[in-house]
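The primary structure of each chain is shown beneath.
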Amino acid sequence: MICSTKTSGEGPVLLFVHGFPLSAEMWRAQLDGLDDLRRCVAIDLRGHGASVDPSPEGYSIDLFADDVADTVASLGVEQVDLCALSMGGYVAFAFWRRHRAMVRSLILCDTKAEPDTDEAKAKRLEAAETARTRGVAAIWEQVGPAMFGAHPDPSTVKTADEIALGVPDEVAAQVALAMRDRPDSRPDLATIDVPVAWIHGADDKLMPVDQARISAGAIGSGTFTVIDDAGHLAPMEQPDAVNAAIRLHLERVG
Ligand code: MLT
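Residues numbered from 1 in each chain as written. Predicted model: local features only at pLDDT ≥ 70, side-chain atom pairs only at ≥ 80, totals over all residues. Heavy atoms only, no water.

K.L.:
Can you explain the overall build of the chain? Please cite residues and give values.
P.N.:
What the chain contains, in helices and strands, is 11 helices and 7 strands. In terms of C-alpha radius of gyration, the chain reaches 16 Å, essentially the compact-globule figure of 18 Å for 254 residues. Summarising its shape, the C-alpha atoms of the chain cover approximately 50 × 40 × 35 Å along the three principal directions. Residues classed as buried in the chain amount to 53% of the 254 residues present. For the chain, the exposed surface amounts to about 10300 Å²; the carbon and sulfur share of it is 51%. Charge-centre separation for the chain: the mean point of 23 positive side chains lies 3 Å from the mean point of 39 negative side chains. (Helix = DSSP H or I, 4+ residues; strand = E, 2+ residues; numbered from the N terminus. Rg over C-alpha atoms; globule rule 2.2 N^0.38 Å. Buried < 20%, exposed > 50% of the residue type's maximum accessible area, 1.4 Å probe, protein only. Areas by Shrake-Rupley, 256 points an atom, 1.4 Å probe, with all protein chains shown as cover. Lys, Arg positive; Asp, Glu negative; His and termini not counted. Charge placed at Lys NZ, Arg CZ, Asp CG, Glu CD.)

In structure tokens, the structure reads:
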């Protein structure tokens, strides 16, 4: 499937993949702040944002990675710098496994390589049931408060709320199960031989920064940037600091 995208700027493509339950719109500050360096393209994964899916079924992280590859091909380019957050990072690891020739460099934000624990897998099933019976709002009620650091800008929180509440209930259910079933990406870390920047909110409550530092360290070479005063959605909460880290990385990539 070729996904719907939001685009700004010109030049080599910098492709953004969103987290859950979000959409391309979470990257607004990156689309507006990095368009002098790259053709910035933020994807709506299937079922999210403008990538409407009338009958969501059979979702998997591999399917999303293949959709990203189809979308890259549709842009008429061979390679992209791939910037992905959280669930988007799971997609980025799958994309690396399945389509690595398309990757010029990787920017991994607030994500993790570890699979779900058994306890987390059980919670995914509950989350899927919650999405189906009580709607995505009930999911967001649980996870939304953990998305930011201690003092997020209220307008940023409102934007995240609006994006999340726009995700269809069955899409949220499908994605919960897709995340549950994702493989362990730790064995792939040492195979990554393109430039990598790992960017992580200091106050990420969902994916602790110290655990992320260990995964980043398993990648041959790369940078690790901690974003102060930011939680899980660091690119939305501290866009200037995140954009500065992405800019440094892209200057290194050339
Ligand atoms: C996300 O932000 O994409 C999710 O928190 C990822 C997850 O639930 O594992």
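K.L.:
Hey, could you go over the pattern of salt bridges for me, with residue numbers and the actual values?
P.N.:
This model, assessed by the stated rule, comprises 17 salt bridges. Asp-36 is the partner of Arg-247 in a salt bridge, and the nearest nitrogen-oxygen pair spans 2.9 Å. Linking Arg-247 in helix H11 (residues 239–253) with Asp-36 in the loop between helix H1 (28–33) and strand S3 (39–43), this pair joins segments that are 211 residues apart in sequence. Take Arg-247: its relative accessible area is 24%, and that puts it in the partly exposed class. For Arg-124, the salt bridge identified is with Asp-116, shortest N-O distance 2.7 Å. With respect to burial, Arg-124 and Asp-116 carry one shared label: buried. Salt bridges linked by common partners bring Lys-6, Glu-25, Arg-28 and Asp-32 together as one network. (Salt bridge = Lys/Arg side-chain N within 4 Å of Asp/Glu carboxyl O.)

K.L.:
Explain the nonpolar core to me, and be specific about the residues and the numbers.
P.N.:
It is characteristic of soluble globular proteins that their nonpolar side chains tend to be buried jointly. By size, the foremost hydrophobic cluster in this structure holds 55 residues, and its most contacted members are Leu-15, Ile-61, Val-68, Met-87, Val-91, Phe-95 and Ile-192. When residues no more than four places from it in sequence are discounted, the contact partners of Val-68 are Leu-15, Val-17, Ile-43, Leu-45, Val-91 and Phe-95. (Core = buried A, V, L, I, M, F, W, Y, C linked by side-chain atoms within 4.5 Å. Contact = heavy atoms within 4.5 Å.)

K.L.:
Pulling in residues and values, what's your account of helix H7 (residues 169–180)?
P.N.:
Taking 1.5 Å as the rise per residue, H7 with 12 residues should run 16 Å; its terminal C-alpha atoms sit 17 Å apart, in good agreement. Of all 12 residues that make up H7, 9 are buried, and the element is covered over most of its length. Restricting attention to buried positions, one finds in H7 the residues Val-171, Ala-172, Ala-173, Gln-174, Val-175, Ala-176, Leu-177, Ala-178 and Met-179. (Expected span 1.5 Å × (residues − 1).)

K.L.:
Kindly report on the site of the ligand, identifying the contributing residues and their values.
P.N.:
Around the ligand, a shell composed of Gly-19, Phe-20, Ser-86, Met-87, Tyr-90, Arg-124, Met-179, Leu-206, Met-207 and His-232 is seen. A distance of 2.8 Å separates an oxygen atom of the ligand from a polar atom in the side chain of Ser-86. Protein chains shield 90% of the accessible area of the ligand, which is 270 Å² for the free molecule. Counted by class, the shell around the ligand contains 6 nonpolar, 3 polar and 1 charged residues. (Near = heavy atom within 4 Å. Polar contact = N/O pair within 3.5 Å; in protein donor to acceptor, adjacent residues only side chain to side chain. Nonpolar A, V, L, I, M, F, W, Y, C, P; charged D, E, K, R; others polar.)

K.L.:
Outline the packing of helix H5 (residues 136–143) against helix H6 (residues 154–165), supporting the account with residue identities and numerical values.
P.N.:
With their axes 9 Å apart at the nearest point, H5 and H6 run at an angle of 145 degrees to one another. As H5 runs across H6, the sense of the crossing is right-handed. From H5, Val-136, Ala-137 and Trp-140 reach across to H6, where they touch Ala-160, Asp-161, Ala-164 and Leu-165. Its residues assigned to classes, the contact of H5 with H6 comprises 6 nonpolar, no polar and 1 charged. (Axes fitted to C-alpha atoms, helices over the stretch in contact; angles between N-to-C directions. Left-handed = near helix turned anticlockwise from the far one by under 90°.)

K.L.:
Go over the pairing of strand S4 (residues 80–85), please, and point to the residues and values.
P.N.:
Counted residue by residue, S4 has 6 buried out of 6 residues, so it is predominantly covered. By the alternation rule, side chains of S4 split into Val-80, Leu-82 and Ala-84 and Asp-81, Cys-83 and Leu-85, which are all buried. Examined bridge by bridge, strand S2 (residues 13–17) and S4 share 5 bridges and lie parallel to one another. Paired with Phe-16 across the bridge in S4 is Cys-83. Crossover handedness for the path S4 to helix H3 (residues 87–99) to strand S5 (residues 103–109): right-handed. (Pairing = 2+ DSSP bridges. Right-handed = clockwise from strand over helix to strand, strands pointing away.)

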